[in-house]
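Fold and geometry: a report
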There are 2 protein chains.
Amino acid sequence: MAAAVAERQSQIVLGLDPDPLRLWPEAEDAAAGVLGGAPAARAAAGVLAHCCAVIDAVGDAVVAIKPQVACFERLGAPGWNALGATIAHARAAGLLVLADGKRGDIDVTATAYAQGFLGATPGPDETSIPGLGADALTVNPYMGLDTLRSFAAVGRAHDAGLFVLVRTSNPGAADLEDEPLARGGTVWERVAELVAQLGAEHRAPQSGLSDIGAVLGATRPEHLARARELLPHAIFLLPGVGAQGGRVEDLAPAFAPGRAAGLVTASRSIVRAHEQDGAGSSPADAARAEAERLRAAAWALG
Amino acid sequence: MAAAVAERQSQIVLGLDPDPLRLWPEAEDAAAGVLGGAPAARAAAGVLAHCCAVIDAVGDAVVAIKPQVACFERLGAPGWNALGATIAHARAAGLLVLADGKRGDIDVTATAYAQGFLGATPGPDETSIPGLGADALTVNPYMGLDTLRSFAAVGRAHDAGLFVLVRTSNPGAADLEDEPLARGGTVWERVAELVAQLGAEHRAPQSGLSDIGAVLGATRPEHLARARELLPHAIFLLPGVGAQGGRVEDLAPAFAPGRAAGLVTASRSIVRAHEQDGAGSSPADAARAEAERLRAAAWALG
């Protein structure tokens, strides 16, 4: 991860959360070309063409993609194939892949999810069923450290990492994540401690960064300094810039251990930049300009 | 749900978490019959045959199936098709379907997951892309009430419910769920309050039960009485009986508001009953006997 950030001079992660009704025009043509197909197959063709077009437009300005699994999964098997093909397209462009699935479950089930996203599943007759080949998966900590450990075990066997939800960017994060604990600190600070504990087991020799990262919403930058104290070696994945109101300029504490220690995700602000653009740019040109603006703003902080 | 429990005289939910390497013998034959197929297609054919065979064996003793989404998802698009076909088979047998996906995410993403499991996705040219048609989905509360509300909105439009993780059955539940809060109570009790708040908005006229249920591990029955105080109208989904050590006999508080207020899930203890069975019964006969034993034990409590 650190090497990719240095090589591409970018800490920007392109979020892909395609809505079949809001695709770029060229992708709508691709969907229309699936003649006689079921709605799911047509929508999945459009979603794939859209994601590939976005990757082609902004790939030079970003270090990774973050496909939102829900947006593919809801299209069924064709959607799952579109997710795999989107990942392959990103890899061919030299990008890392952070699957945003926010999975969480116990032992064998956590292992099954990790096999599907990061590893492979043992199949009949000593075959192996390849997973999606993502470099990292977002996971949910509610059920405790043993559940995170099952994900990490598969990840570590396949050179892949995790990003654990710590303090998210939505208003409802206050309902539980911000609750003060009797022992001191908040629920999210307790989660940060668990993440630090798991992450201490595996750090990259060169960068010193751990393979267990943390999701921290960019909408509440006052939390970043505290999170950095608790997690000195974790990569922070920072959603919430743009549409949700977060600003790149406020994220400096995330980058304290090094440029690769903070990854800024942006989805709608890039993909729908043309809707905000008075100059009438094409979707691709507007997206490229916005991604490059974010890249330069983040790089200047590091 | 209450009507189905009364009609079938069962509160047992059949958990399906198929491992391609541990299928019933007849299912292995089905997988072998997919000549020349990719490993994922062969494994998915075996998984589907296995799930259908298990449903055929124990369907009369259970009220619902609970497919573990991870176990299908890791097989890619063929696995997703197998999940859809398993659900269709269960429906044809008159069973309800509780999709165990433990999803959790913000606004539009939560909506996308709910569309995929409980509803439908608007597609191009005013088409509609059907979801899996489950009657309920398990969801994770970590990110707060607004995220649960997005799931509930789709569910309510499609006559489907949610089961929110409250106090789970794994040892790691102690790491976060059991943490005492400064305001009093624990993290899981705070989640129970949020579930009660959301559930109060929608209760069935006849049974009085809410459409927002709670997942409570059967491994710690001392929590059930407290959970019932906090959630008088919620259906409890109770995993952890059997392989994880929970006993049906300890679950009486769950059933206090009525028989349909507690659903006992069992997976491996049913599907692998023949491995514990000294009499050399077939997998189907052993599974049927164990499911019927659980059914009678739970019904006797209610």
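Below, the structure is looked at part by part. (Residues numbered from 1 in each chain as written. Chains lettered and ligands numbered in written order. Predicted model: local features only at pLDDT ≥ 70, side-chain atom pairs only at ≥ 80, totals over all residues.)

**Details of the interface of chain B and chain A**
Taken together, the 64 residues of chain B in the interface contact 64 residues of chain A. Per element, the largest residue contribution to the side of chain B that touches chain A is six residues, and it comes from helix α6 (residues 107–117) of chain B. (Contact = placed C-beta atoms within 7 Å. Helix = DSSP H or I, 4+ residues; strand = E, 2+ residues; numbered from the N terminus.)

**What to know about the relation of the copies chain B and chain A**
The transform that puts chain B on chain A rotates by 180° and translates by 0.0 Å along the axis, for an RMSD of 0.0 Å. The operation mapping one copy onto its partner corresponds to a two-fold rotation axis. The overlap is high: 100% of the interface residues of chain B also sit at the interface in chain A, so the same surface is used on both sides. (Least-squares fit on C-alpha atoms with pLDDT ≥ 70 in both.)

**Description of the sheet that holds strand β3 (residues 96–103) of chain B**
All names here are of chain B. What the eight strands build is a closed barrel, ordered β1-β2-β3-β6-β7-β8-β9-β10; its pairing is parallel. Between one strand and the next, the sheet's axes are offset by a mean angle of 30°, whatever the strand orientation. Note: strand β6 (residues 136–139) against strand β7 (residues 161–167), four bridges, orientation parallel. Residue T138 lies in a different strand from β7, and its bridge partner there is F163. Where helix α7 (residues 145–157) meets the sheet, it contacts β6, β7 and β8 (212–216), and its direction lies at approximately 150° from that of β7. Set on the sheet, helix α10 (residues 222–230) makes contact with β7, β8 and β9 (236–238); between it and β8 the angle comes to about 160°. (Pairing = 2+ DSSP bridges. Axes fitted to C-alpha atoms, helices over the stretch in contact; angles between N-to-C directions.)

**Some points on the packing of helix α3 (residues 39–58) of chain B against helix α5 (residues 76–92) of chain B**
Helices that pack against each other are described as a pair by the angle of their axes relative to one another and the distance between those axes. Residues and elements named next belong to chain B. Interaxial distance between α3 and α5 falls to 8 Å at its minimum, and their mutual angle equals 15°. Classified by the angle their axes make, α3 and α5 are roughly parallel. Helix-helix and strand crossings are classified by hand; for α3 and α5 the assignment is right-handed. Facing α3, whose interface residues are A40, A41, A44, V47, L48, C51, C52 and I55, α5 presents G76, P78, G79, N81, A82, A85, T86, H89 and A90. Residue composition of the contact of α3 with α5, by class: 12 nonpolar, five polar and no charged. (Parallel < 35°, antiparallel > 145°, perpendicular 65-115°, else oblique. Left-handed = near helix turned anticlockwise from the far one by under 90°. Nonpolar A, V, L, I, M, F, W, Y, C, P; charged D, E, K, R; others polar.)

**Here we look at the sheet that holds strand β8 (residues 212–216) of chain A**
All names here are of chain A. Reading around the barrel, the eight strands line up as β1-β2-β3-β6-β7-β8-β9-β10 and close back on themselves, with parallel pairing between neighbours. Within this sheet the neighbouring strands show an average axis-to-axis angle of 30°, counted without direction. Each of β1 (12–16) and β10 (262–266) is contacted by helix α12 (residues 283–301), which is oriented at about 145° to β1, the strand it contacts most.

**Focus: α7(B)**
Taking 1.5 Å per residue as the helical rise, α7(B) with its 13 residues ought to reach 18 Å, and the 18 Å between its terminal C-alpha atoms agrees with that figure. Residues L145(B), T147(B), L148(B), S150(B), F151(B), A152(B), V154(B) and G155(B) constitute the buried set of α7(B). Among the structural elements, α8 (173–176) of chain A together with α6, β6, β7, α9 (187–199) and β8 of chain B are those in contact with the buried residues of α7(B). Once α7(B) ends, the next one or two residues include D159(B), with phi positive near 60°. (Expected span 1.5 Å × (residues − 1). Buried ≥ 20, exposed ≤ 12 C-beta atoms within 10 Å, placed from the backbone.)

**Quick look at the environment of L198(B)**
Residues and elements named next belong to chain B. Among the structural elements, L198 can be located in helix α9. Each C-alpha atom, one on L198 and one on D211, is 9.1 Å from the other, the two residues being 13 residues apart in sequence. The contacts of L198, once residues within four sequence positions are left out, are L145, L148, R149, A152 and I212.

**Let's talk about the pairing of strand β2 (residues 64–67) of chain A**
Residues and elements named next belong to chain A. Alternating positions in β2 separate into two faces, A64 and K66 on one and I65 and P67 on the other, with burial throughout. Bridging between β2 and strand β3 (residues 96–103) involves two bridges; their strand directions are parallel. Bridging from a neighbouring strand, I65 pairs with V97 of β3.

**Re the pairing of β10(A)**
Residues and elements named next belong to chain A. The buried fraction of β10 amounts to five of the five residues, a majority that puts the element mostly inside the structure. Side chains of β10 alternate between two faces, with G262, V264 and A266 and L263 and T265 buried alike. Examined bridge by bridge, β1 and β10 share three bridges and lie parallel to one another. Across the sheet, V13 pairs through a bridge with T265, a residue of β10. In this structure, strand β9 (residues 236–238) lies alongside β10, joined through three bridges in parallel fashion. From the neighbouring strand, L238 faces β10, where its bridge partner is V264.

**Considering the environment of A112(A)**
Mapped onto the elements, A112(A) comes out in helix α6 (residues 107–117). In sequence terms A112(A) and V154(A) are 42 residues apart; their C-alpha atoms lie 9.2 Å from each other. Ignoring sequence-local partners within four residues, the contact set of A112(A) consists of A70(B), C71(B) and R74(B).

**Thoughts on the environment of H274(B)**
Residue and element names in this part refer to chain B. With respect to the helices and strands, H274 occurs in the loop between α11 (268–271) and α12 (283–301). Accessibility expressed as a C-beta count within 10 Å gives 18 for H274, which makes it partly exposed. Along the backbone, H274 and D19 are 255 residues apart, and their C-alpha atoms lie at a distance of 16 Å. Apart from residues no more than four positions distant in its own chain, H274 is found in contact with S281, S282, P283 and A286.

Scope: geometric values only; no functional claims are made or implied.
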